[in-house]
2 protein chains.
Amino acid sequence: MTDPQTITTIRAASRLLVRELGFMGGDFAGTDLPPSAVHALIEIEGGEITAKELSQRLHLEKSSVSRMLRKLVGANLIMETPGTDARVKTLSLTDSGADRLAAIHRFASTQVKTAVQGLQPAQTATIAEGLALYAQALAQTDLPSAPIHYHCGYQSGLVARIIGLHMDFYAKHAGFGDVFETALARGLSDFIPRAQNTRNAIWTAQRSDKIIGSITIDGEDLGHDIAHLRWFIVDQNTRGSGVGRALLDKAVAFVDAQGFCETQLWTFKGLDAARTLYEAQGFKLADEQPGTQWGAEVLEQRFVRKHIAA
Amino acid sequence: MTDPQTITTIRAASRLLVRELGFMGGDFAGTDLPPSAVHALIEIEGGEITAKELSQRLHLEKSSVSRMLRKLVGANLIMETPGTDARVKTLSLTDSGADRLAAIHRFASTQVKTAVQGLQPAQTATIAEGLALYAQALAQTDLPSAPIHYHCGYQSGLVARIIGLHMDFYAKHAGFGDVFETALARGLSDFIPRAQNTRNAIWTAQRSDKIIGSITIDGEDLGHDIAHLRWFIVDQNTRGSGVGRALLDKAVAFVDAQGFCETQLWTFKGLDAARTLYEAQGFKLADEQPGTQWGAEVLEQRFVRKHIAA
DNA sequence: CGAATTAAGTTGCATCATGCAACTTAATAC
DNA sequence: GTATTAAGTTGCATGATGCAACTTAATTCG
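Now for a description of the structure that goes with this document.

Conventions we followed
Within any chain, residue numbers begin from 1 and follow the written order of that chain's sequence. The order in which chains are written sets their letters, starting at A; the order in which ligands are written sets their numbers, starting at 1. In keeping with the model being predicted, local features are shown solely for residues with a pLDDT of at least 70 and side-chain atom pairs are shown and tallied solely at 80 or more, while totals for entire chains, interfaces and linings include all residues. The side-chain quantities take in all heavy atoms of the structure and omit both hydrogens and water. Here a helix means four or more residues in a row that DSSP labels H or I, a strand means two or more in a row labelled E, and each is numbered from the N terminus. Restricting the calculation to C-alpha atoms gives the radius of gyration, and the globule rule supplies 2.2 Å times the number of residues raised to the power 0.38. Think of it in three bands: residues with accessible area under 20% of the maximum for their type are buried, residues over 50% are exposed, and the middle band is partly exposed, with areas taken using a 1.4 Å probe on protein chains only. Contact definition: two residues touch when any of their heavy atoms are within 4.5 Å. Throughout this document, a residue counts as near a molecule or strand when at least one of its heavy atoms sits within 4 Å of that molecule or strand. Under this definition, polar contacts are N or O atom pairs within 3.5 Å; protein pairs additionally need one hydrogen-donor-capable and one acceptor-capable atom, and for neighbouring residues in sequence, both atoms have to be side-chain atoms. When residues are sorted by character, Ala, Val, Leu, Ile, Met, Phe, Trp, Tyr, Cys and Pro go into the nonpolar class, Asp, Glu, Lys and Arg into the charged class, and all the rest, Gly among them, into the polar class. A least-squares superposition brings the copies together, and it is based on the C-alpha atoms of residues with pLDDT no lower than 70 in both. Paired strands are those between which DSSP finds at least two bridges. Angles shown run from 0 to 180 degrees and are taken between the N-to-C directions of axes, each axis being a line fitted to C-alpha atoms and, for helices, limited to the stretch in contact. A pairing counts as a salt bridge when a side-chain nitrogen of Lys or Arg comes within 4 Å of a carboxyl oxygen of Asp or Glu.

Examining the overall build of chain A
1) Next: In terms of regular secondary structure, chain A is built from ten helices and nine strands.
2) Next: A globule of 310 residues ought to have a C-alpha radius of gyration of about 19 Å, yet chain A, at 26 Å, is considerably larger.
3) Next: If one aligns the C-alpha atoms of chain A with their principal axes, the spans along those axes are about 75 × 50 × 35 Å.
4) Next: When burial is assessed residue by residue, chain A has 51% of its 310 residues classed as buried.
5) Next: Sequence-distant contacts in chain A: of pairs separated by 6 or more residues, those separated by 24 or more amount to 56%.

Here it is, written out as structure tokens:
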């Protein structure tokens with residue numbers, strides 16, 4: 001159960017937010033338009049939308065939307081074009097509406113920028129993440145999120161983040177604790193100084209400068225021309241969006257380019273999504289045995305992928 | 001400058017939030033009261049407030065507040081008692097108003113709890129932190145935050161978090177990179193298995209289950225009955241709130257209880273807030289010399305605190 | 001094919017929160 | 001002792017909103 005104090009904080013912050021954003025009556029976003037009209041324009045800007053959809057998205061009654069739209073049409077901010085179904089009208093911005101909306105965007109962006117001006121980038125990232133999480137939780141819907149970038153090589157905070165991502169997942173799903181976390185720290189502190197070597201590589205996936213996934217090829221520790229796939233992890237909030245696949249693709253491409261004779265990885269039973277990815281890339285289960293070395297009993301698995309001749 | 005995508009995310013989340021919280025017209029929080037009245041009741045519950053103050057806090061014109069208050073009085077939800085200045089009336093809840101507000105609180109808390117139900121505790125903490133940061137940034141004011149708890153001993157994700165907190169700070173303020181991060185990981189992976197030993201201890205400060213500070217006494221690595229104060233770090237968002245002092249107090253109390261002959265710590269010049277804390281606890285600068293071992297030149301400092309006889 | 005039903009959007013109507021401006025009453029300044 | 005300022009109220013106009021009834025078009029079903 002969530003800490004009541006946390007709930008209180010969330011509520012207090014929500015109230016303050018709503019007031020500061022100018023929702024307690026009056027005009028809005030530096031225009032003479034009511035809040036609902038501003039929201040409507042932004043939705044219409046997103047493309048192809050009807051009055052009904054607007055009503056759903058804005059949580060307004062269809063009659064209110066109808067009237068609001070007529071005002072916007074009257075002000076020459078939007079146009080209605082009949083669809084194939086003669087009952088529905090598709091909405092779009094006029095040039096003048098686009099100009100007006102651009103001004104609104106400028107105003108609102110400036111408002112946000114001014115607010116976060118004195119904050120650390122990490123704090124701004126926390127704001128974006130926290131707001132997005134909460135809005136999505138309330139709306140039970142997804143918000144378009146910032147694009148994901150991929151990088152190769154060490155980044156500041158990478159060791160911390162890889163360990164953190166592992167613990168977020170494995171503490172809960174496998175019951176691993178200090179032994180596992182310590183092993184991660186030891187393994188990474190051994191690898192990072194070697195990360196630049198020709199046969200090694202480490203990749204990260206990042207969104208808004210936050211690391212949300214990582215994968216490593218250690219080409220040295222197993223010897224015998226065997227590549228070792230290590231520390232493959234994706235943020236729990238980001239799973240299922242193809243980040244894991246993209247990272248694994250990069251690792252496998254590197255292995256093939258380097259011409260390793262095979263690739264090995266250790267995991268354990270129950271991580272089905274990962275296993276699917278491994279098998280799609282030609283990994284096959286080689287060994288399986290129970291183990292407790294990391295503080296909880298799991299069925300350890302070794303996967304092997306043989307070199308695919310070019 | 002903040003990433004435009006981040007600004008966009010913040011704005012999109014804000015819009016969604018406002019809609020989902022029921023601010024686009026209509027009733028509110030499961031009552032027949034308008035949003036402004038609900039906000040007013042919550043403010044009045046906070047104690048001693050006048051119409052003028054309400055007007056400022058809710059960003060409403062005084063006439064609107066005046067009318068709203070008369071309705072609340074009419075509904076027997078609040079009372080007005082004349083102050084010493086006969087022009088002002090102090091507002092307070094009636095019993096019936098307190099009941100109604102309690103119902104509102106129940107409704108709203110349930111709404112929040114339901115929303116965050118499926119999330120990880122860390123995600124809920126991010127929500128609280130992000131919303132509070134943003135609301136405070138917009139309003140230029142402080143919000144009461146969740147209480148801070150202190151724990152002794154390992155916690156899941158502790159190694160990751162200590163490294164992460166260090167990198168957040170030292171990457172920016174000292175230019176440290178992979179060498180420093182790797183050293184942290186190595187040091188911690190050496191210490192954590194020894195954390196339970198009698199002469200060692202590690203403390204964390206947590207808010208909403210998120211680690212926001214830590215400190216360690218390593219009673220073994222320096223030998224000669226010397227305590228080593230290590231990994232003293234506080235989250236940048238939390239600095240200045242006494243968390244650092246509280247952690248250091250615990251460490252020093254442990255050292256004294258264990259009867260170490262002295263305590264040593266390594267830091268470097270420029271960390272003035274920390275130095276103040278050290279000196280307040282009897283640490284004195286012992287050595288100072290330039291060093292580049294962590295990837296950037298700093299003036300390394302060694303502080304020593306002699307045992308204070310009981 | 002034709003009637004019944006459903007869907008998208010509009011209009012009549014009443015409500016009510018809001019801001020501006022003018023006002024009342026009390027405290028303070030000079 | 002008068003002028004000014006402050007807290008709150010009232011007149012008035014505006015306008016956003018929801019409900020209910022309506023129009024028009026598409027779909028379903030016999």
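Past the structure itself, the notes keep going.
Quick word on the protein's contact with DNA strand C
1) Next: Near DNA strand C you find 24 residues, and of these A:K52, A:S66, A:R67, B:S64 and B:K71 are the closest.
2) Next: Taking B:S63, its side chain carries an N or O atom lying 2.9 Å from a base nitrogen of DNA strand C.
3) Next: B:K71 is positioned with one of its side-chain polar atoms (N or O) 2.5 Å from a phosphate oxygen of DNA strand C.
4) Next: Looking at the surface near DNA strand C, the elements with two or more residues in it are α3 (51–58) and α4 (62–74) of chain A together with α4 (62–74) of chain B.
5) Next: For the surface near DNA strand C, the element with the highest residue contribution is α4(A), accounting for five residues.
6) Next: Looking at the surface near DNA strand C, its residues break down into five nonpolar, eight polar and eleven charged.

Looking at the relation of the copies chain B and chain A
For the pair of chain copies, the relating transformation is a rotation about an axis with a translation along it.
1) Next: For the pair chain B and chain A, the best superposition has an RMSD of 0.9 Å and corresponds to a rotation of 180° with a translation of 0.2 Å parallel to the axis. Within this description, the copies of the chain are treated as partners about a two-fold rotation axis.
2) Next: An overlap of 96% is found between the interface residues of chain B and their copies at the interface of chain A, pointing to a shared contact surface.

Focus: the sheet that holds strand β6 (residues 226–234) of chain B
All names here are of chain B.
1) Next: Reading across the sheet, the seven strands line up as β3-β4-β5-β6-β7-β9-β8 and stay open at both edges, with mixed pairing between neighbours. Here the strands that pair on one side only, and so sit at the sheet edges, are β3 (148–152) and β8 (284–291). With direction set aside, neighbouring strand axes in the sheet form an average angle of 20°.
2) Next: In this sheet, strand β9 (residues 298–306) lies alongside strand β7 (residues 262–268) in antiparallel orientation, the contact comprising seven bridges. From the neighbouring strand, E262 faces β9, where its bridge partner is K306.
3) Next: Lying on the sheet, helix α10 (residues 272–280) is in contact with β6, β7, β8 and β9; it crosses β9 at an angle near 20°.

Considering the environment of B:A122
Residues and elements named next belong to chain B.
1) Next: Checked against the element boundaries, A122 lands in helix α6 (residues 121–139).
2) Next: Under the relative-accessibility criterion, A122 is labelled partly exposed at 47%.
3) Next: In sequence terms A122 and S208 are 86 residues apart; their C-alpha atoms lie 7.9 Å from each other.

A word on unusual backbone geometry
1) Next: One non-glycine residue, A:D225, lies in positive phi territory at about 65°.
2) Next: If you trace the backbone, A:D225 turns up in the loop between β5 (210–218) and β6 (226–234).
3) Next: For A:D225, a relative accessible area of 34% puts it in the partly exposed group.
4) Next: Of note in the backbone geometry, B:H224 takes a positive phi value of approximately 50° without being a glycine.
5) Next: Looking at the element boundaries, B:H224 is found in the loop between β5 (210–218) and β6.

Focus: the interface of chain B and chain A
1) Next: Taken together, the 85 residues of chain B in the interface contact 84 residues of chain A.
2) Next: Joining chain B to chain A, the criterion identifies zero salt bridges.
3) Next: The tally of links from chain B across to chain A stands at 14 residue pairs in polar contact (both at pLDDT 80 or more).
4) Next: Residues that form the side of chain B that touches chain A fall into these classes: 44 nonpolar, 28 polar and 13 charged.

Let's talk about the protein's contact with DNA strand D
1) Next: Close to DNA strand D lie 24 residues, the nearest being A:S64, A:K71, B:K52, B:S66 and B:R67.
2) Next: Here DNA strand D approaches the protein such that, of its atoms within 4 Å, sugar and phosphate make up 61%.
3) Next: Within the contact set of DNA strand D, a phosphate oxygen lies 2.7 Å away from a backbone nitrogen or oxygen of B:K52.
4) Next: Within the side chain of B:R70, a nitrogen or oxygen atom sits 3.2 Å from a phosphate oxygen of DNA strand D.
5) Next: Of the residues forming the surface near DNA strand D, the biggest block, five residues, is contributed by α4(B).

Some remarks on the pattern of salt bridges
1) Next: Here the structure, examined in full by the defined rule, presents 28 salt bridges over all chains.
2) Next: Of the charged contacts, one joins B:E262 and B:K306 as a salt bridge, the two residues approaching to 2.8 Å between their closest N and O atoms. A residue pair is termed long-range when its members are at least 10 positions apart, and B:E262 in strand β7 and B:K306 in strand β9 qualify at 44 residues.
3) Next: B:E279 is the salt-bridge partner of B:R275, the closest N and O atoms lying 2.9 Å from each other. One end of the pair, B:R275, and the other, B:E279, are both in helix α10, four residues apart, so they sit about a helical turn from each other.
4) Next: For B:R275, a relative accessible area of 26% gives the class partly exposed.
5) Next: Its relative accessible area of 39% is what places B:E279 among the partly exposed residues.
6) Next: One salt-bridge network, held together by shared partners, links A:D190, A:R194, A:D218, A:E220, A:D221 and A:R230.

All quantities given are derived from atomic positions and should not be read as evidence of function.
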